[in-house]
2 protein chains.
Amino acid sequence: MGDALRVALAGLGTVGGGVIRLLDANRDLITRRAGRPIEIVAVSARDRTKDRGVDLSRFAWVDDTAALASHPDADVVVELIGGSDGPALTLARTALGAGRGFVTANKAMLAHHGLELAQKAEETNAALKFEAAVAGGIPVIKGLREGAAANAIARVYGILNGTCNFILSKMEAEGRDFAEVLSEAQALGYAEADPSFDIDGVDAAHKLSILAAIAFGTQPAFADVAIGGVRHVLAADIAQAASLGYRVRLVGVAEEGANGLFQRVHPHLVPLDHPLAHVTGSTNAVVAEGNFVGRLLFQGAGAGDGPTASAVVADLIDIARGEYGASFAMPAHELIPAAKADSGERRGRAYLRFTVQDKVGVLAEIAAAMRDAGVSIESLIQRGEAADGGVMIAIVTHEGPERAVAQALERLRGSQSLVGQPLLMHILG
Amino acid sequence: MGDALRVALAGLGTVGGGVIRLLDANRDLITRRAGRPIEIVAVSARDRTKDRGVDLSRFAWVDDTAALASHPDADVVVELIGGSDGPALTLARTALGAGRGFVTANKAMLAHHGLELAQKAEETNAALKFEAAVAGGIPVIKGLREGAAANAIARVYGILNGTCNFILSKMEAEGRDFAEVLSEAQALGYAEADPSFDIDGVDAAHKLSILAAIAFGTQPAFADVAIGGVRHVLAADIAQAASLGYRVRLVGVAEEGANGLFQRVHPHLVPLDHPLAHVTGSTNAVVAEGNFVGRLLFQGAGAGDGPTASAVVADLIDIARGEYGASFAMPAHELIPAAKADSGERRGRAYLRFTVQDKVGVLAEIAAAMRDAGVSIESLIQRGEAADGGVMIAIVTHEGPERAVAQALERLRGSQSLVGQPLLMHILG
């Protein structure tokens, strides 16, 4: 039995409390598996007096979170504060700079500063681990970094935001519209009071940029992710997609294009025979396509204190075992700056929904715009009354360059026939 | 850049060839990820002259496979010969005894001798890795050993044999019977000429016993796995299950029961809302239920040269990186001898199918046997003409102890009313 791995914990919110409960509940098992105990020695959070339902009196309390990085008794700092900059980043820099291990669930910080932190970890031979940052409890960082390490990855994609998937599956199951379901999700605690990071796709984009770096050996390039959210998806879109044999999911996709790395988060139509179509509620799932392994799927709880704590402690067990290395699967200097792919070159099928005025000639106008942009139509469905008094026209295109669809929408911009903005969703191929 | 990891490869069948092709195809990427090249230096197989479609002239040829264990240039031996004993076991013992790393896809050998080999690896501080032994390319050994390591696992289960799943999904899709589909699978190379290890559940049981040891911290106990195969599943059973909202899958289940470790491979009815119901063809999938992470699903190709080679080389990358440790997730002396659970105590629902003579009183006889054994019937369907001229009766039970169902079948044993053996399938709960 080796000496204990001593942990300083920054942040005592829902996940921080989960980590303490997990280490209490599974103490003996973790000691057997890690070959040594894992013990929290110090904690820090904003409010010392708040009741978190766990006994904190066993741990040293540190008022200044940044001081955890130099706490004399700690081998590893666990950061569960959040935020891409500020105290979390300061803590990361100082802990790694001091050669301490650093475990975090902070996807925003990694998306923005992951390369710098990986370099710093390598300079001081410190562990930098972040399984909990992507897809909650699912060991997908490990799955890509190690499990699929023998493969050239053609594409990595998945359902990376539990809030969006919860909302979309509930809209689907109950035929209700977005705003109503979002309010309910907020009341239940499944969505934040300010939900924009989740529903506008930013959270999923943070995670995607981390997965892409590991999968493709590129520097994290969050700024290059094209981001769209689920705010404008109607119950009618979901019903229309269902009648065509699809479910609507917010999918993040990263792939190596001919001219660079393509990264996008966007609502997609997922065919019913694809496993992602069957991922409901706040579950997450990630698919990696390797040149030898084929399609690998990792699925599980994408958020919540238990699953996220499971991932944090898995990282600590790796560190306790001494089984860790380059954070992004290869040394930071091996990561290549990725060129941003031109999505116009990308070929695919798309779903387009227009709400239009009920008057003569509108259909002809839309059809002409498609024709003039070179978009080939596979099916077109016109439906009577849409929610806002107009008529709904849903189009599924044949496979073609994305540029053509964008051009068709550009031609229709400002048309007096349209009521509101059209909705574009890509079809997962 | 470190020195190359030098590999001696035993066995040049489909997987061995795949390993060579993979290391050729992804050489640069693997070097970046592993931090050093991975190079085959010596190979051994039965027939030196056979054309395997890869250039072997680069490697030293060793006639005596056992001599690979002491090859002066090799750091690691990869064993792809197969067989629970014989040359594979000799090679494992001598390689590990000499302190060489050992990577294998040999589930039968691990199920029978895994504990001894893990002990030997620890004595000499050698790596012993076997990701390819379970579920082909899916990193499920890693998922349990590391990804879910923070959790007490309540249950691990899954589709572990691609041949059976291929046959069952084909029977389902085409409404055809077992023997016919098996012949076709054999012609296509999806089933062996002697298919009994696959279709009778032995292969899945080997894999299950390895997963159970890692999940529960117990010594591998293959002899305690209750094994049933898919040979007696009829197209009519699959159709009946479908009409009730289920698909038939061969599922291996291991769980901690009140009185010991329960391990069973058996055809199951899987409800349509469970991810395993959507696993078709030769795909494998494994679910682990952890006390903090909840339900984790790992899915992918369960066999084939590419996926299996992917898992073998992932193990080599772990070794090249120096990221490995106790094979069964904890040191061998920590693994507890598992008591075999009494399955009679286990509660569940079951599907029972009888083929009976079309005469008065048969239904009453079956119903009485159920009543007398204390089996509560949820639904009973009697269908006209069965394949062999009898009448088919399908029963779904309410949840109850498995002992009661076994007793009911015992009461009916030898009944003149039955045509052939009844079929029992458990319902995945």
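For clarity, every value in this text was computed on a predicted model and none was experimentally measured.

All names here are of chain A. By the secondary structure assignment, M171 is in helix α6 (residues 162–174). Under the relative-accessibility criterion, M171 is labelled buried at 1%. Separated by 67 residues in sequence, M171 and I238 have C-alpha atoms that sit 7.7 Å apart. Among all residues touching M171, those that are not within four sequence positions of it are R176, D177, F178, V181, V233, L234, A235 and I238.

To continue, consider the UniProt feature "binding site: NADPH" (unreviewed entry) in chain A. Residues and elements named next belong to chain A. As recorded in UniProt, the feature "binding site: NADPH" (unreviewed entry) lies at K107. Among the secondary structure elements, K107 is positioned in helix α4 (residues 107–123). Apart from the residues lying within four places of it in its own chain, the contact partners of K107 are A133, D203, H206, K207 and I210.

Listed by partner, the interface residues are 55 residues for chain A and 55 residues for chain B. Carbon and sulfur atoms supply 53% of the area that chain A and chain B bury against each other, a total of about 4,300 Å² over both sides. Looking at the side of chain A facing chain B, the largest losses of area belong to A:R32, A:R33 and A:F292, adding up to 19% of the total buried there. Counting the contacts that link chain A with chain B gives six salt bridges. Linking B:E146 and A:K142 is a salt bridge whose minimum nitrogen-to-oxygen distance equals 2.8 Å. Residue assignment for the side of chain A that touches chain B shows that the elements contributing at least two residues are α1 (14–25), α2 (27–34), α5 (140–147), α9 (202–216), β12 (294–301) and α11 (305–321) of chain A. No other element matches α11(A), which puts eight residues into the side of chain A that touches chain B. Class assignment of the residues belonging to the side of chain A that touches chain B gives a composition of 30 nonpolar, 14 polar and 11 charged.

To continue, consider the sheet that holds strand β4 (residues 76–79) of chain B. All names here are of chain B. Read from one edge of the open sheet, six strands run β3-β2-β1-β4-β5-β6, paired in parallel fashion. Each edge of the open sheet is held by one strand with a lone partner, namely β3 (60–61) and β6 (128–129). Taken together, the six bridges between strand β1 (residues 5–10) and strand β2 (residues 38–44) define a ladder with parallel strand orientation. Bridge pairing links A10 to S44 in β2. On the sheet, helix α3 (residues 86–97) packs against β1, β4, β5 (101–104) and β6 and is oriented at approximately 155° with respect to β5.

Residues and elements named next belong to chain B. Non-glycine residue N125 carries a positive phi angle of around 55°. Secondary-structure assignment places N125 in the loop between α4 (107–123) and β6. Accessibility expressed as a relative area gives 67% for N125, which makes it exposed.

With that out of the way, let us pick up the side chain of A:T104. All names here are of chain A. Inspection of the secondary structure puts T104 in strand β5 (residues 101–104). The buried category is assigned to T104, whose relative accessible area is 0%. In terms of polar contacts, T104 uses its side chain to reach the side chain of E79, at 2.5 Å. When near neighbours in sequence (up to four residues on either side) are disregarded, T104 contacts E79, M109, L110, K129, F130, A132 and A133.

The six strands are arranged β3-β2-β1-β4-β5-β6 (chain A) in an open sheet whose pairing can be described as parallel. Each edge of the open sheet carries a strand with a single partner, namely β3 (60–61) and β6 (128–129) of chain A.

This part is about the domain arrangement of chain A. All names here are of chain A. Per the domain assignment, the segments making up chain A are domain 1 (5–137 + 307–334), domain 2 (140–301) and domain 3 (343–427). A separation of 24 Å is found between the C-alpha centroids of domain 2 and domain 3. Between domain 2 and domain 3, the residue contacts involve 19 residues of the former and 18 residues of the latter. Contact between domain 2 and domain 3 buries roughly 1,600 Å² in total, counting both sides, with carbon and sulfur atoms accounting for 58%. Here domain 2 is connected to domain 3 by three salt bridges. A salt bridge links E255 to R346, with the shortest nitrogen-to-oxygen separation between them at 2.6 Å. There are 11 residue pairs in polar contact (both at pLDDT 80 or more) connecting domain 2 and domain 3. Elements represented by at least two residues in the side of domain 2 that touches domain 3 include exactly α10 (235–243), β9 (246–257) and β10 (260–271). Among the elements that line the side of domain 2 that touches domain 3, the one with the most residues is β10, at six residues. Of the residues belonging to the side of domain 2 that touches domain 3, the class tally is 10 nonpolar, six polar and three charged.

What counts, and at which threshold
- Residues numbered from 1 in each chain as written.
- Chains lettered and ligands numbered in written order.
- Predicted model: local features only at pLDDT ≥ 70, side-chain atom pairs only at ≥ 80, totals over all residues.
- Heavy atoms only, no water.
- Helix = DSSP H or I, 4+ residues; strand = E, 2+ residues; numbered from the N terminus.
- Buried < 20%, exposed > 50% of the residue type's maximum accessible area, 1.4 Å probe, protein only.
- Contact = heavy atoms within 4.5 Å.
- UniProt positions renumbered as here; feature names shortened; annotations may be inferred.
- Buried area = accessible area lost by both parts, 1.4 Å probe.
- Salt bridge = Lys/Arg side-chain N within 4 Å of Asp/Glu carboxyl O.
- Nonpolar A, V, L, I, M, F, W, Y, C, P; charged D, E, K, R; others polar.
- Pairing = 2+ DSSP bridges.
- Axes fitted to C-alpha atoms, helices over the stretch in contact; angles between N-to-C directions.
- Polar contact = N/O pair within 3.5 Å; in protein donor to acceptor, adjacent residues only side chain to side chain.
- Domains from an automatic or database assignment.

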